[in-house]
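Residue-level structure breakdown
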Amino acid sequence: MESSTTGTSTKGGSGSPIPTPPGHQEVEEVVVRFAGDSGDGMQLTGTEFTKAAALAGNDISTFPDFPAEIRAPAGSIAGVSGFQLHFSSTDIHTPGDAPNVLVAMNPAALKANIDDLVVGGTCIINTGTFTKPNLAKAGYESNPLEEEALQKKYEVHPIDINKMVNAALEETELTSKEKGRCKNFFALGLMCWRYERDVEPQLANIRAKFKKKPHLGEANVLAFKAGFNYGLTAEVFQTTYEVKPAAFEPGLYRNITGNEAIALGIVAAGQLADCPVLFSGYPITPASTIFHYLSNYKNYGVTTFQAEDEIAGAGAAIGASYGGAIGVTASSGPGIALKGEAIGLAAMIEVPLVVLSIQRGGPSTGLPTKTEQSDLYQSLYGRNGECPIPIIAAKTPADAFYCAIEATRIATKYMTPVILLSDGYIANGAEPWKLPQVEDLTPFPVTHLKDANGWMPYKRDEETLARAWVAPGTKGMEHRVGGLEKDFLTGNVSYDADNHQKMCQVREDKVRGVANDYGDMDIEGEESGDVLIVGWGGTHGALRQAAGVLRGQGKNISHVQIRHVWPLNPKLGELMKNFKKVIVCELNMGQLRTIIRSEFLVDVEGYNKMQGKPFTVAEICNAVSELV
Amino acid sequence: MTEKLKRKDFVSDQEVRWCPGCGDYAILAAVQKCLADTGSKPENTVFVSGIGCSSRFPYYVKTYGFHSIHGRAPSIATGLKLTNPDLEVWVITGDGDALSIGGNHLLHALRRNVNLNIILFNNKIYGLTKGQYSPTSNEGTKSPTTPFGSVDYPINPVSFALGSGATFVARAIDVDAKSLGPILAAAKAHKGASLIEVVQNCPIFNDNVWDAVTNRKTATTNQLRLEDGKPLLFDNGNKGIRLTDDLTPEIVEVGEGKVAESELIVHKENGSAAYHALLASMAAPEFPQPLGVIKQVERPSYDELALAQVDQVLKERGKGDLNALLNSGMTWTVGPDGRPEQ
């Protein structure tokens, strides 16, 4: 059963030479979750199915969810990997609260996911893996497929995918292990039939994906076709479903994940700044793929350096900025903790530094592959001394592109480190992105001062309070910088009491001044009303959708998503006054709420979740409804 | 042709604030002289340091200077070289900065062979924090944190550098300007990471800890001046080092009726790893302390290789077109009706 039907059921043609399913139904939106062992290729299946939805013009939102272990014990609950896709004929913002369709490739995947499936939802199960040992590994005492409970609650389709794939690949010379690895494409084929996807682009995609191993590509094509044809011929499925294209603004589109977007944003930022970029980092989940992408862009003005540790990652980036390039480093919570001292150094010597912080569950090693927003305090306060730095937060995968550009613009304009906060949800989740034209992006060419006339190392621009950027190699401007307190003008070491106060103040004023560049806030709904939902970062989709649902119920609810986490937009204070209640929803214990309370003296409420998962729309609707 | 610069042209206007008698003064003077003698350009020269007494060094040199954070100078210098490989970059560090908190960064700067000149001031003590023992302190060193004597085994900077795959390793004495100068010049001329361990005295917290090496009265017997291609001779040529059958060094009397010079080990800067390890293991007073260039071999520097790769990619792929990059992968066009065009 799909989530909502907008079309009518029609019978399929009976005169067709091949059997056609008896029903065709148009639905507005579907949430599908593929779940299997982490070696089952569920991420690939999900990604390919996403492409099919995008090609069909659906709006999409994805949520990959995988274990921290690369290969947890096969068949175990810990090893279950999932990929959820929400596709729709209308504008959507989230990967969906709960799946309507679950594809479970083994008992552990069924056990770990079945409770999320909506009652009455469709459950496609690979029975070929329901062996006694696998059932035991999943913690089933008896086979759930033989019990009525499952059948009563859901529309269950048990299929021995293992057997069918083996049969389809009988003629190939693949080993049985290799054959086993094709079964995800059977699932993909079946789902493509069910949602009436064009077959040819899918086959082309598979062949392209395996172009280096064409025999595997052909095997996967066979498995895909087997799945597709199974849907077509086996009369177990009564209906295929059509999700009409969503209405998009005209233009060229691609799917984009947050980490891809950040990498592209950094490349674009370097070009807009007309300045080379050095990215220097150390592998860490979920930030690593930014590094992977950038390493391919050496002919775009980006040099990458894999440092020996997180500290050196920041150190080399600072060395680059000191040398006149844009230093960029990326990490996640534990790595950002290690970089703290270096970020403080960049703040002290006042050079640009872009720090990409892709949050994950904490504290300590925490939940490396799960999402969370609990590093806001770390970004604001994770350094010794009075060390304010600007912080911005990406709200969606595509928005991360523009945030990377803005972070770089702020860093170079104000000569300061900037932290760009993203999270595991944005990093790995995908959405359609209407591609910008580079010509439409605003350039911000940087200047390296070469004229010593009237210059002093810490003399500041009157408007931005930034000092000039002088790169070594410039004659007549040799000077010394360092982490010791600086004289207000000469930059020489100063222990003078009044000077220290003055320097702390000017560093504070400089960062506060970043707010002068802010435009309008991202508000949806009226600018006054009963409840203002405040969020930041990756919760945007769930909060915006929830606010829309509540307004649809006639409630006076508005939503503002904060991009500029520090310094906050002064307009936020004014906005909050226009609402009877303000609720800050965030995936932490109330970090932004505390900051807003201290900045604006407004008694805001909080709604907080610490489960390593994004908000569902329903959770937000319930929480906000209680306030009205 | 610009006028040749003199040492004073590399002296900054900042008051030097090391303790009276500190070995750092001599090193500073030797480095400033080396810069002048070897034609360094102030605008193209950068001194990067970490934290510690020695790391104040950049403030006193009239070039670009960066006094950074504890132990991290090699990483900052690496980023700088990747950005502007034409700069002459010196890293100033101490035994604590380089081998304790910054051990990891030094290791990797050396193995990558980043084109840096690294001067490690080894006074075997933490001076700036008032005299705690360091990773190079002799066993039994009494200090505020080891009032009953340190029990941990010290690290040998030369062994560390050799083990890290360094391509240039040398040792010199702080106040011995005559030999320190040429070693600094050789380090500068070397393409790749050069590490110089400078035997340095801290008159306040660890006075005379290097006495066995530096005492002029015992210098002839306790110092082994290395010269490439020359046998290991010391004590005015009366003694030398020979290799025993079990590959350990032994001191022998040299001369007529004694051991012939031809039996001695010949110093080779590009000799075997075993030989360099053997040199590193020799220390006064058991052996004469090797001084001079211990190892020098040619290997491409990291900055050179990394930037050559960038050039190669540029050559093969051409300058990247950002619009094309954004539009790469699977794309689709939405037409004026808001629906995808097939």
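Reading the values: rules and limits
Residues numbered from 1 in each chain as written. Chains lettered and ligands numbered in written order. Predicted model: local features only at pLDDT ≥ 70, side-chain atom pairs only at ≥ 80, totals over all residues. Heavy atoms only, no water. Helix = DSSP H or I, 4+ residues; strand = E, 2+ residues; numbered from the N terminus. Rg over C-alpha atoms; globule rule 2.2 N^0.38 Å. Buried < 20%, exposed > 50% of the residue type's maximum accessible area, 1.4 Å probe, protein only. Contact = heavy atoms within 4.5 Å. Areas by Shrake-Rupley, 256 points an atom, 1.4 Å probe, with all protein chains shown as cover. Lys, Arg positive; Asp, Glu negative; His and termini not counted. Charge placed at Lys NZ, Arg CZ, Asp CG, Glu CD. Buried area = accessible area lost by both parts, 1.4 Å probe. Salt bridge = Lys/Arg side-chain N within 4 Å of Asp/Glu carboxyl O. Polar contact = N/O pair within 3.5 Å; in protein donor to acceptor, adjacent residues only side chain to side chain. Nonpolar A, V, L, I, M, F, W, Y, C, P; charged D, E, K, R; others polar. Pairing = 2+ DSSP bridges. Phe/Tyr/Trp six-rings, centres within 6.5 Å; stacked < 30°, edge-to-face > 60°. Lys NZ or Arg CZ within 6 Å of the ring centre and 35° of its normal. Domains from an automatic or database assignment. Axes fitted to C-alpha atoms, helices over the stretch in contact; angles between N-to-C directions. Parallel < 35°, antiparallel > 145°, perpendicular 65-115°, else oblique. Left-handed = near helix turned anticlockwise from the far one by under 90°. Arc of directions from axis to C-beta.

1. Some points on the overall build of chain A
Within chain A one finds 21 helices and 24 strands. A compact globule built from 628 residues should have a C-alpha radius of gyration of about 25 Å, and chain A, at 27 Å, falls within 12% of that. Principal axes of the C-alpha set define a box for chain A whose edges measure 90 × 60 × 50 Å. When each of the 628 residues of chain A is scored for burial, the buried share is 61%.

2. Concerning the overall build of chain B
From N to C terminus, chain B includes eleven helices and 14 strands. When its C-alpha atoms are laid out on the principal axes, chain B stretches across 100 × 55 × 50 Å. A total of 342 residues make up chain B; the buried ones form 54% of that total. For chain B, the proportion of contacts with a sequence separation of at least 24, taken over those separated by at least 6, is 64%. For chain B, the exposed area adds up to about 15,100 Å²; of that, 53% sits on carbon and sulfur atoms. In chain B, 34 side chains carry a positive charge and 38 a negative one; their mean positions are 4 Å apart.

3. Quick notes on the interface of chain B and chain A
Each partner contributes residues to the interface: chain B has 61 residues there, and chain A has 75 residues. For the pairing of chain B and chain A, the buried interface totals around 5,500 Å² over both sides, and the portion due to carbon and sulfur atoms is 62%. Among the residues of chain B in contact with chain A, B:Y64, B:L326 and B:W332 are the three that bury the most area, contributing 15% of the side total. Where chain B packs against chain A, one counts one salt bridge. Of the charged contacts in the structure, one is a salt bridge between B:R112 and A:E308, with a shortest N-O distance of 2.8 Å. Along the contact surface separating chain B from chain A lie 26 residue pairs in polar contact (both at pLDDT 80 or more). Elements with a contribution of two residues or more to the side of chain B that touches chain A: strand 2 (64-67), helix 2 (73-83), helix 4 (103-112), helix 10 (302-317), helix 11 (322-326) and strand 14 (331-334) of chain B. In terms of residue count, the dominant contributor to the side of chain B that touches chain A is helix 2 of chain B (seven residues). When its residues are assigned to classes, the side of chain B that touches chain A shows 24 nonpolar, 27 polar and ten charged. Across three bridges, strand 18 (residues 480-482) of chain A lies against strand 2 of chain B in parallel orientation. Residue pairing across strands places A:V481 opposite B:F66, the latter belonging to strand 2 of chain B.

4. Looking at the packing of aromatic side chains
Using the criterion set out here, one finds 27 aromatic pairs over all chains in the structure. Seen from their ring centres, B:W18 and B:Y60 are 5.1 Å apart, and the 80° between their planes marks the pair as edge-to-face. A residue pair is termed long-range when its members are at least 10 positions apart, and B:W18 in the segment before helix 1 (24-37) and B:Y60 in the loop between strand 1 (45-49) and strand 2 qualify at 42 residues. In this pair, the class of B:W18 matches that of B:Y60, namely buried. Over the face of the ring belonging to A:F488 we find A:R460, whose NZ or CZ atom lies 6.0 Å from the ring centre. The positively charged end of B:K124 is found above the aromatic ring belonging to B:W210, 4.2 Å away from the centroid.

5. Points about the domain arrangement of chain A
Residues and elements named next belong to chain A. Domain annotation for chain A reports domain 1 (18-242), domain 2 (254-436) and domain 3 (522-625). Here the C-alpha centroids of domain 1 and domain 3 sit 36 Å apart. Taken together, the contacts link five residues of domain 1 with nine residues of domain 3. A buried area of about 610 Å², summed over both sides, lies between domain 1 and domain 3, and 60% of it is on carbon and sulfur atoms. Summed over the three residues of domain 1 that lose the most area to domain 3, namely H93, T94 and D97, the buried surface amounts to 72% of that side. Across the contact surface, domain 1 and domain 3 share zero salt bridges. Remark: the boundary between domain 1 and domain 3 carries three residue pairs in polar contact (both at pLDDT 80 or more). Of the residues that constitute the side of domain 1 that touches domain 3, the class distribution is two nonpolar, two polar and one charged.

6. Some details on the pairing of strand 1 of chain B
Every other side chain in a regular strand lies on the same face of the sheet, so the side chains alternate between the two faces. Residues and elements named next belong to chain B. Where burial is concerned, most of strand 1 is hidden: five out of the five residues are buried. Residues T45, F47 and S49 point to one face of strand 1 and V46 and V48 to the other, with burial holding for every one of them. Note that strand 1 and strand 3 (residues 88-94) share five bridges and pair parallel. Bridge pairing links S49 to I92 in strand 3. The sheet contact formed by strand 1 and strand 2 spans four bridges and is parallel. Paired with S49 across the strands is H67, a residue of strand 2.

7. As for the packing of helix 1 of chain B against helix 6 (residues 177-189) of chain B
For any two helices packed against each other, one specifies the crossing angle of their axes together with the interaxial distance. Residue and element names in this part refer to chain B. Interaxial distance between helix 1 and helix 6 falls to 9 Å at its minimum, and their mutual angle equals 55°. Classified by the interaxial angle, the pair formed by helix 1 and helix 6 is oblique. Here helix 1 and helix 6 pass one another in a crossing that is right-handed. Of the residues in helix 6, those touching helix 1 at I27, A30, V31 and C34 are L180, L184 and A185. The residue inventory of the contact of helix 1 with helix 6, partitioned by class, reads seven nonpolar, no polar and no charged.

8. Let's talk about the pattern of salt bridges
Residues and elements named next belong to chain A. One pass over the structure, following the stated rule, counts 40 salt bridges over all chains. Salt-bridge contacts for R33 lead to D116; the nearest nitrogen and oxygen are separated by 2.7 Å. With R33 in strand 3 (residues 29-37) and D116 in the loop between helix 2 (107-113) and strand 7 (122-126), this pair connects stretches of sequence that are 83 residues apart.

9. Here's the deal with the sheet that holds strand 12 (residues 249-253) of chain B
Strand pairing in a sheet relies on backbone hydrogen bonds. The paired strands run either parallel or antiparallel. Residue and element names in this part refer to chain B. Within the open sheet, the three strands sit side by side as 10-11-12. Their pairing is antiparallel. Of all strands in the sheet, those with a lone pairing partner are strand 10 (233-234) and strand 12, marking the two edges. Relative to strand 11 (residues 239-243), strand 10 runs antiparallel, the two sharing two bridges. Its bridge partner being in strand 11, L233 is matched across the sheet by G240.

10. What about the sheet that holds strand 4 (residues 59-65) of chain A?
Residues and elements named next belong to chain A. The six strands are arranged 4-5-3-6-7-8 in an open sheet whose pairing can be described as mixed. Taken across any chain shown, the strands that pair with only one partner, and hence form the sheet edges, are strand 4 and strand 8 (155-159). Direction aside, the axes of adjacent strands within the sheet are offset by 15° on average. Pairing of strand 3 with strand 6 (residues 101-104) involves four bridges; the strand directions are parallel. In the sheet register, V32 faces strand 6, and the bridge partner there is V101. Packed onto the sheet, helix 1 (residues 42-55) meets strand 3, strand 4 and strand 5 (80-88) and runs at close to 5° relative to strand 5.

11. What to know about helix 8 (residues 199-209) of chain A
All names here are of chain A. Within helix 8, the full set of buried residues consists of Q202, L203, N205 and I206. Down the axis of helix 8, the buried set is contained in an arc of 160°. They therefore lie on one face. Buried residues along helix 8 sit in contact with helix 1, helix 7 (183-194) and helix 9 (214-233).

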